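# Fold and contact review
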Amino acid sequence: QLEEEIGELAGEAIKRADLSSNHYFRGHIFTAVAEIRFSTLLYQQMKNMSGGRTACIIASFYYVRRWNLDKFIVFDKRTRRAIREAKRETFRLFNKAMEEFRAGGLQGELAYVYYNLALKRKLTFSFAKARRYIEIAKRMAEVNNDQSLLTKAVELEKDIQDKYKHPRDYVKEFGLDVPHL
């Protein structure tokens with residue numbers, strides 16, 4: 001029921017944003033609703049997992065998640081379809097926010113939307129798209145002289161490059177590979 005209420009409120013916010021002509025307002029509404037939809041997507045994924053302990057352990061392996069094979073292990077066909085639709089809706093709303101900020105000439109806000117979109121793409125294991133968006137966000141941050149965003153973007157870029165080619169070795173990182181005497 002909570003999901004339905006969130007969906008109704010998000011729909012109402014989008015309707016009200018469509019009535020306004022203020023690009024700043026519309027862009028922020030679309031960004032906020034996209035963030036809410038993404039949080040709902042993550043909640044749906046946690047709630048609808050099935051397959052038991054072994055399937056969840058296998059699905060949590062980095063390379064299984066990296067190639068999105070975890071979706072086939074722990075979700076049924078209906079749930080996978082709902083997750084794909086939620087992702088599309090989230091990214092569609094981010095694109096609408098970008099259009100609004102672009103139309104209003106709000107380059108600083110647009111840079112933050114690119115950064116947020118890169119972060120969401122990273123979390124959904126779309127590293128190539130995330131890298132493309134973070135490059136744009138970095139370039140815009142440099143043009144706007146936004147050091148805060150530039151710092152965040154550089155950090156996210158390093159994280160994306162690391163995930164893309166060099167996954168973390170938690171066993172070595174936590175010292176679990178060294179025998180304890």
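Scroll up for the structure.
Since we're looking at a predicted model, the values are computed, not measured.

## Things to note about the side chain of Glu100
- Mapped onto the elements, Glu100 comes out in helix H6 (residues 77-104).
- On the basis of relative accessible area, Glu100 is assigned to the buried category, the value being 10%.
- Those residues within four positions of Glu100 in sequence are excluded, and the remaining contacts are His23, Arg26, Gly27 and Phe30.

## As for H6
- Helix length check: H6, at 28 residues, gives a terminal C-alpha distance of 41 Å against a target of 40 Å (1.5 Å per residue), a fit within 8%.
- A positive phi of about 70° marks Gly105, the residue just after H6.

## So, unusual backbone geometry
- We note that Asn145 has phi near 55°; this positive angle belongs to a residue other than glycine.
- The class of Asn145 is exposed, set by a relative accessible area of 55%.

## Quick notes on a nonpolar patch on the surface
- Nonpolar side chains collect at one region of the surface, where Ile57, Ile58, Phe61 and Ile73 lie side by side and expose about 320 Å² of accessible area between them.
- Relative to the elements of secondary structure, Phe61 occurs in the loop between helix H3 (52-59) and helix H4 (62-66).

## Remarks on the pattern of salt bridges
- Evaluated as defined, the whole model comprises seven salt bridges.
- With a shortest N-O distance of 3.3 Å, Glu89 and Arg37 are connected by a salt bridge. Residue Glu89 is found in helix H6, and its partner Arg37 is found in helix H2 (residues 23-47); the two are separated by 52 residues along the sequence.
- Through salt bridges with shared partners, one network takes in Arg37, Glu89 and Arg92.

## Some thoughts on the layout of surface pockets
- The computed volume of the largest pocket comes to approximately 400 Å³.
- Lining of the largest pocket is provided by 17 residues; of these, Gln45, Met49, Arg65, Asp70 and Lys71 occupy positions nearest its centre.
- When contributions to the lining of the largest pocket are tallied by element, the ones reaching two or more residues are H2 and helix H5 (70-74).
- A per-element tally of the lining of the largest pocket places H2 first, with four residues.
- Split into classes, the residues belonging to the lining of the largest pocket amount to nine nonpolar, four polar and four charged.

## Overview of the packing of aromatic side chains
- Tallied over the full model, the rule gives one aromatic pair.
- With centroids separated by 6.0 Å and ring planes inclined at 40°, the aromatic side chains of Tyr114 and Tyr133 adopt a geometry described as tilted. Of the two residues, Tyr114 is situated in helix H7 (residues 107-123) and Tyr133 in helix H8 (residues 127-144); the sequence distance between them amounts to 19 residues.
- On the basis of relative accessibility, which here comes to 10%, the residue Tyr114 falls in the buried class.
- For Arg121, the ring lying beneath its charged end belongs to Phe91, and the centroid distance is 3.7 Å.

## Things to note about the packing of H2 against H7
- Here H2 crosses H7 at 10°, and the two axes come no closer than 12 Å. It follows from the interaxial angle that H2 and H7 lie roughly parallel. Note that H2 runs across H7; the crossing there is left-handed. Note on element contacts: H7 touches H2 through Glu109, Val113, Asn116, Lys120 and Leu123, opposite Tyr24, His28, Thr31, Glu35 and Phe38.
- Taken together, the residues that form the contact of H2 with H7 break down as four nonpolar, three polar and three charged.

## Quick look at the packing of H7 against H8
- It is the contact of H7 with H8, at a shortest axis distance of 8 Å, that shows an interaxial angle of 155°. The pairing of H7 with H8 is recorded here as roughly antiparallel in orientation. When the axes of H7 and H8 are compared, the crossing they make is left-handed. Across the interface between the two elements, Gln107, Gly108, Leu110, Ala111, Tyr114, Tyr115, Leu117, Ala118, Arg121 and Lys122 of H7 pack against Phe127, Lys129, Ala130, Tyr133, Ile134, Ile136, Ala137, Met140 and Asn144 of H8.
- Tallied by class, residues from the contact of H7 with H8 come to 13 nonpolar, three polar and three charged.

What counts as what
- Residues numbered from 1 in each chain as written.
- Predicted model: local features only at pLDDT ≥ 70, side-chain atom pairs only at ≥ 80, totals over all residues.
- Heavy atoms only, no water.
- Helix = DSSP H or I, 4+ residues; strand = E, 2+ residues; numbered from the N terminus.
- Buried < 20%, exposed > 50% of the residue type's maximum accessible area, 1.4 Å probe, protein only.
- Contact = heavy atoms within 4.5 Å.
- Expected span 1.5 Å × (residues − 1).
- Patch = residues over 30% accessible without salt bridge, like charges linked within 9 Å, V, L, I, M, F, W, Y side chains within 5 Å.
- Areas by Shrake-Rupley, 256 points an atom, 1.4 Å probe, with all protein chains shown as cover.
- Salt bridge = Lys/Arg side-chain N within 4 Å of Asp/Glu carboxyl O.
- 1 Å grid on protein atoms, 1.4 Å probe; cavity = no way out; pocket = protein on both sides within 12 Å on 5 of 7 lines; lining within 4 Å.
- Points joined across faces, edges and corners; volume = space filled by probe spheres on them.
- Nonpolar A, V, L, I, M, F, W, Y, C, P; charged D, E, K, R; others polar.
- Phe/Tyr/Trp six-rings, centres within 6.5 Å; stacked < 30°, edge-to-face > 60°.
- Lys NZ or Arg CZ within 6 Å of the ring centre and 35° of its normal.
- Axes fitted to C-alpha atoms, helices over the stretch in contact; angles between N-to-C directions.
- Parallel < 35°, antiparallel > 145°, perpendicular 65-115°, else oblique.
- Left-handed = near helix turned anticlockwise from the far one by under 90°.

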